[in-house]
Amino acid sequence: MSVFINEKVITLHTKNTTYQMAVNENDYLAHLYYGARLDDSVALTRGKVGYHTLLPLAYDGKNRELSPAVCPLEYSAYGCGDFRTTPLKVRFADGSSVCDLRFESAKAVENKPTLRGLPALHDQNAKSQSVEVCLKDKVHNLRVYLLYTAFEECDVIAKSVRIENNTGGTVVLESVLSTALDNYESDYDYISFVGKPHFERTFSRVALEDVKLVTESRRGSSSHQANPFVIFCEKNATETMGECFGSAFVYSGNFTASFEKTPIGTSRFVMGINPENFAFTLENGESFQAPEVIHTYSNQGLGQLTHNYHNVIRKHLFRGKYANADRPILINNWEATYFNFNAEKLLAIAKEAQKIGADTFVLDDGWFKGRNGDGSSLGDWFVDEEKLGCKLNELIKNINALGMKFGLWFEPECISENSDLYRAHPEWVISAPGRTGMLGRKQWVLDMSNKAVVDAVFGMMSNILDNNNIEYVKWDFNRYLTDVYSTALSANQQGEVMHRYVLGVYDLLERINTRYPNILIEGCASGGGRFDCGMLYYSPQYWASDSTDPMNRLNIQYGTSFCYPVISVGAHVTASPNHVTRRVTSIKTRSNVAMAGTYGFELDLTTLTEDEIAELANETKFYKSHRELIRTGDYYRLTGNTERYMAWQFVAEDKKSALAVMVQRISHIDYKPHILKLRGLDKNTSYRIAIDGVELEGVFTGTALMQIGVPVRTIKYEGDSTRIEITAI
Ligand code: DGJ
């Protein structure tokens, strides 16, 4: 049992954590506790006994000394004395926006309900337990349902919110955030993952001062610039110690996450759909489902927090054929040819790729009608046979004859002005009346809030997918939303477009997943511009960045690793010098970094020497012998991202094998050997160590490897890398 409803105290337990709330005497739902697991009796007693003395009451006429501005609340609405960021703001039919939420009921729920039209954690792989709490504004009869689910083994609490309008009139939702997390403390650091194209998810850690810290996107997608995943933690928290709280939003559109310190020294964290340009009209009887937030807590530092996220995403967010299976090893033609290819060239690359162990050939942008540059043809999803020099089927047949699968690129949400689709349906573009609008990468965004558009794109994609043996789709999205307006919605619904857009994208993704269960979708957005838990529900891997320079990728993959499992990180070995940075790096380092991801290739293999092909073949052989460990193992960051070298480690669940990788970031002038302290091993087990395939003499206990470490002499200069295999004897 992980959910207890005891009179007015509600407790959710996971293996190592407890989340607890209680109804106070003014019927507010107060937040009591989120932290290390309390044993059941303490949890229940504390709620009953300690709570009244701990929690200030609301100033509602009964007690004039205290107000909701200081009471730790589970969820509150604008207008009734909570002056912190309130998750809910409603405008009622009478024009008022005062909404006072008080507890109405709570019930345990056995199977986790799905969230209509939205991605969310599922409990297919292990039972979860949920509780649904109902809060109500009595004056208007508006109900708010808070759903909490405990994923016991992963130490995760998922939270979401549904609003039901039974007011008898129209209600406009102006803000519906998905979670609020109040805390008695505020002496925290705030960690977020900021960026830009080629520098996605860069780790940023700042102290919470007397200002509000905000992470947000207003770009229509979760974006390169901000990621819907943040952490707050004790100031001294490290990889291995300290309290940390993580929040990941299962959503791919505009979001906000903010963390504020109150004047009395408590703090509030909120996360949800960004209220900017959001106004959702609910007629009487209608409801609104807000997306889910995945919370976790660790008192053993950031490393444990990462394990919790990796586990819950692998077990309860990924779905379908590849949720729990080795991923294909791709050769993608983008950095090899860009738009300049024909079937002959593609096949020549595929033949070399087969020699180095790739199993899937992916044809990227440029295969459809007249697409020879980025200025035309998006929306016309018909094969350009003239350019290819053959039918798509023939190319696929030849690729399949090499024993390889075939994958294809789409950018379903966008449209070029120079396209038949645009000429036929200019009204399907997101653009505001009377304005020229802002082009992005020479293209417009299709109005995915309009079902007719989703139907049309699905029809064109199905036509290709039904008639060709395609087993992988790369789903790209190369611009943000501007000039937001939909011709399919009424004037007073225009504040719904951004959210309905995301729902339309999810609808299309779901339809493709349902109809083609054998197809693996890899997400992409000008690199890793929409890498979030929402997209991972439909596409269990995501192209992390268009920067494929391994030295640059170190940072990107470091930041990405805090929340997202290694197997979700699209990463390829590409050419040297790199296409973005011109940096020259070895095949070994390019491979080592790509192996901290899905591993694959994206370069013109026909230009490589025989020795280079042989080296890549060896790298693939090594990857194949460790791919299960990399996909399913616990991932450890052994260093930060600013030291002279960066290192990481995968440890198998049974702790019988592990693999550590180390890359030199800055040349090592004094030649002192690095001592790499490993983590996660079994203290008493004896292990053999091989550094770059050369076995060290002797055997070493887990304790020695973790406390003394492994001396590594093989890397000295910027860009050198090494790998250490650890095997139990
Ligand atoms: C942006 C992606 O990130 C690239 O990998 C590639 O697919 C291009 N788009 C194609 O236009």
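Below or above, wherever it landed, is the structure these notes cover.

Cut-offs and rules
- Residues numbered from 1 in each chain as written.
- Predicted model: local features only at pLDDT ≥ 70, side-chain atom pairs only at ≥ 80, totals over all residues.
- Heavy atoms only, no water.
- Buried < 20%, exposed > 50% of the residue type's maximum accessible area, 1.4 Å probe, protein only.
- Helix = DSSP H or I, 4+ residues; strand = E, 2+ residues; numbered from the N terminus.
- Pairing = 2+ DSSP bridges.
- Axes fitted to C-alpha atoms, helices over the stretch in contact; angles between N-to-C directions.
- Parallel < 35°, antiparallel > 145°, perpendicular 65-115°, else oblique.
- Left-handed = near helix turned anticlockwise from the far one by under 90°.
- Contact = heavy atoms within 4.5 Å.
- Nonpolar A, V, L, I, M, F, W, Y, C, P; charged D, E, K, R; others polar.
- Salt bridge = Lys/Arg side-chain N within 4 Å of Asp/Glu carboxyl O.
- Near = heavy atom within 4 Å.
- Polar contact = N/O pair within 3.5 Å; in protein donor to acceptor, adjacent residues only side chain to side chain.
- Areas by Shrake-Rupley, 256 points an atom, 1.4 Å probe, with all protein chains shown as cover.

**Quick look at the pairing of strand β4 (residues 29-36)**
Here comes step 1: For β4, the tally of buried residues reaches seven of eight residues, placing the bulk of the element in the interior.
Here comes step 2: Note that strand β3 (residues 17-23) and β4 share seven bridges and pair antiparallel. Paired with alanine 22 across the strands is alanine 30, a residue of β4.
Here comes step 3: The hairpin formed by β3 and β4 contains five residues between the paired strands, and aspartate 27 there has a positive phi angle of roughly 70 degrees.

**A word on unusual backbone geometry**
Here comes step 1: Cis geometry marks the peptide bond from serine 576 to proline 577, where omega comes out at 0 degrees.
Here comes step 2: With a phi close to 60 degrees, lysine 442 is a non-glycine residue in the positive phi region.
Here comes step 3: Within the secondary structure, lysine 442 sits in the loop between α7 (420-424) and β24 (443-445).
Here comes step 4: A positive phi angle, near 45 degrees, is found at aspartate 692, a position not held by glycine.
Here comes step 5: Along the chain, aspartate 692 falls in the loop between β35 (686-691) and β36 (694-695).
Here comes step 6: Taking the relative accessible area as the measure of exposure, aspartate 692 reaches 27% and is therefore partly exposed.

**Some details on the packing of helix α11 (residues 550-561) against helix α12 (residues 587-594)**
Here comes step 1: Between α11 and α12, the shortest axis-to-axis distance is 10 Å and the interhelical angle comes to 15 degrees. In terms of orientation, α11 and α12 fall into the roughly parallel class. Helix-helix and strand crossings are classified by hand; for α11 and α12 the assignment is left-handed. Taken together, the residues of α12 that come into contact with α11 (itself represented by Pro550, Met551, Arg553, Leu554 and Gln557) are Thr589, Arg590 and Val593.
Here comes step 2: Taken together, the residues of the contact of α11 with α12 sort by class into four nonpolar, two polar and two charged.

**Side note on the pattern of salt bridges**
Here comes step 1: Applying the stated criterion to the full structure yields 47 salt bridges.
Here comes step 2: Where glutamate 413 meets arginine 530, a salt bridge forms, and the shortest distance between an N and an O atom there is 2.7 Å. Note that glutamate 413 is positioned in the loop between β22 (405-410) and β23 (414-416) and arginine 530 in the loop between β26 (520-523) and α10 (533-538), a separation of 117 residues in sequence. Arginine 530 matches glutamate 413 in its accessibility class, with the two residues each being buried.
Here comes step 3: Between aspartate 420 and arginine 423 there is a salt bridge, and its shortest N-O distance comes to 2.8 Å. Of the two residues, aspartate 420 and arginine 423 are both situated in helix α7; the distance of three residues between them amounts to about one turn of the helix.
Here comes step 4: Through salt bridges that share partners, Asp365, Arg371, Asp374, Arg441 and Lys442 make up one connected network.

**Observations concerning the site of the ligand**
Here comes step 1: Asp364, Asp365, Lys474, Asp476 and Asp546 are the nearest of the 13 residues found near the ligand.
Here comes step 2: In the model, an oxygen atom of the ligand is placed 2.7 Å from a nitrogen or oxygen of the aspartate 365 side chain.
Here comes step 3: Against a free-state accessible area of 290 Å², the protein chains account for coverage of 99% of the ligand.
Here comes step 4: Looking at side-chain class alone, the shell around the ligand contains four nonpolar, three polar and six charged residues.

Everything listed here is a matter of geometry and, on its own, says nothing about what the molecule does.
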